[in-house]
Amino acid sequence: MAARTTTLSALAFTALFLSLSQAQAQQACHNNFKTDGVPMVTGLTYRSWDLVTNRAPAAVLKNLAAAVAAEGFAGIRVDNATSSVVAIQETTGSGRPQTLRVTARKSGPATRVDAAFVVQQGQIAPEGYVRDALCRVIAGGRG
């Protein structure tokens, strides 16, 4: 019985550790988020980045493409030469798409993932939603 309790405690600790690690990763992405541009006057660029440890850029890139698709983007193109994923989204009905570009590049022992979501002049997107979506895409690079 003691061995079973120890095993269950170890499993609970592992689950807690993994959830804390994921929360810390989300926190880094949220802290790195910034917006450039003047709403409605110029185009806006929402961007963030984070590090994915112990994964090669090629593996991260494949996972990023799947994460971009899961967020509902269309026209997804993976460019291995530039280590990037580019996709569009048109949700306003105006025919003026918004663009997402995500890159995965080696950075020391990790892979740095940068994501930028660009909306055109005269368009806006809710900052909190964009921040959360960019961080979900970046976290998707972890697999």
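1. Remarks on a nonpolar patch on the surface
A contiguous nonpolar surface patch, about 380 Å² in accessible area, is contributed by Val38, Met40, Val41 and Ile124. Here Val38 lies in the loop between β1 (34-36) and β2 (44-53). With relative accessibility at 42%, the residue Val38 sits in the partly exposed group.

2. Examining the sheet that holds strand β6 (residues 110-119)
If you walk across this open sheet you meet the six strands as β1-β2-β6-β5-β4-β3, and the pairing is antiparallel. Looking at which strands have only one partner, the edges of the open sheet turn out to be β1 and β3 (74-79). Each strand axis lies, on average, 15 degrees off the axis of its neighbour in the sheet, ignoring direction. Sheet topology note: the β2/β6 ladder contains 10 bridges and is antiparallel. Paired with Tyr46 across the strands is Phe117, a residue of β6. Packing against the sheet, helix α2 (residues 57-70) makes contact with β2, β3, β4 (84-89), β5 (98-107) and β6, and its axis sits at approximately 160 degrees to β5. Contacts between helix α3 (residues 127-140) and the sheet are confined to β1, β2, β5 and β6, with β2 contributing the most and set at about 30 degrees to the helix.

3. Concerning the environment of Ala104
Tracing the backbone shows Ala104 in strand β5. On a C-alpha basis, the gap between Ala104 and Asp50 in space is 9.9 Å, while along the polypeptide they are 54 residues apart. Here Ala104 is in contact with Pro57, Val60, Leu61, Leu64, Ser83, Thr111 and Arg112, once residues within four sequence places are set aside.

4. Looking at the packing of aromatic side chains
Enumeration according to the criterion identifies three aromatic pairs in this entry. With a centroid separation of 6.0 Å and 85 degrees between ring planes, the pair formed by Phe73 and Phe117 is classed as edge-to-face. In this pair, Phe73 sits in the loop between α2 and β3 while Phe117 sits in strand β6, placing the two residues 44 residues apart along the sequence. When sorted by exposure, Phe73 lands in the same class as Phe117, which is buried. Feature note: the residues Phe33, Tyr46, Phe73 and Phe117 constitute an aromatic cluster, connected by ring pairs. Of note, Arg131 hangs over the ring of Phe33, and the distance from its end group to the ring centre comes to 5.5 Å.

5. So, the pairing of β6
In terms of burial, β6 is largely enclosed, as seven of its 10 residues are buried. The pairing of β5 with β6 spans nine bridges and is antiparallel. Following the sheet pairing, Lys106 is matched in β6 by Thr111. Between β5 and β6, which pair antiparallel and follow one another directly, the connecting turn spans two residues, one of which, Gly108, has a positive phi of 65 degrees.

6. A short note on the state of the cysteines
The final tally for this structure, using the stated rule, is one disulfide. Between the sulfur of Cys29 and that of Cys135 lies a disulfide, 2.1 Å long from S to S. When the S-S torsion is -95 degrees, as for the bridge of Cys29 with Cys135, the disulfide is left-handed. Of the two residues, Cys29 sits in helix α1 (residues 2-31) while Cys135 sits in helix α3, which places them 106 residues apart along the sequence. Cys135 matches Cys29 in its accessibility class, with the two residues each being buried.

Cut-offs applied
Residues numbered from 1 in each chain as written. Predicted model: local features only at pLDDT ≥ 70, side-chain atom pairs only at ≥ 80, totals over all residues. Heavy atoms only, no water. Patch = residues over 30% accessible without salt bridge, like charges linked within 9 Å, V, L, I, M, F, W, Y side chains within 5 Å. Areas by Shrake-Rupley, 256 points an atom, 1.4 Å probe, with all protein chains shown as cover. Salt bridge = Lys/Arg side-chain N within 4 Å of Asp/Glu carboxyl O. Helix = DSSP H or I, 4+ residues; strand = E, 2+ residues; numbered from the N terminus. Buried < 20%, exposed > 50% of the residue type's maximum accessible area, 1.4 Å probe, protein only. Pairing = 2+ DSSP bridges. Axes fitted to C-alpha atoms, helices over the stretch in contact; angles between N-to-C directions. Contact = heavy atoms within 4.5 Å. Phe/Tyr/Trp six-rings, centres within 6.5 Å; stacked < 30°, edge-to-face > 60°. Lys NZ or Arg CZ within 6 Å of the ring centre and 35° of its normal. Disulfide = S-S within 2.5 Å.

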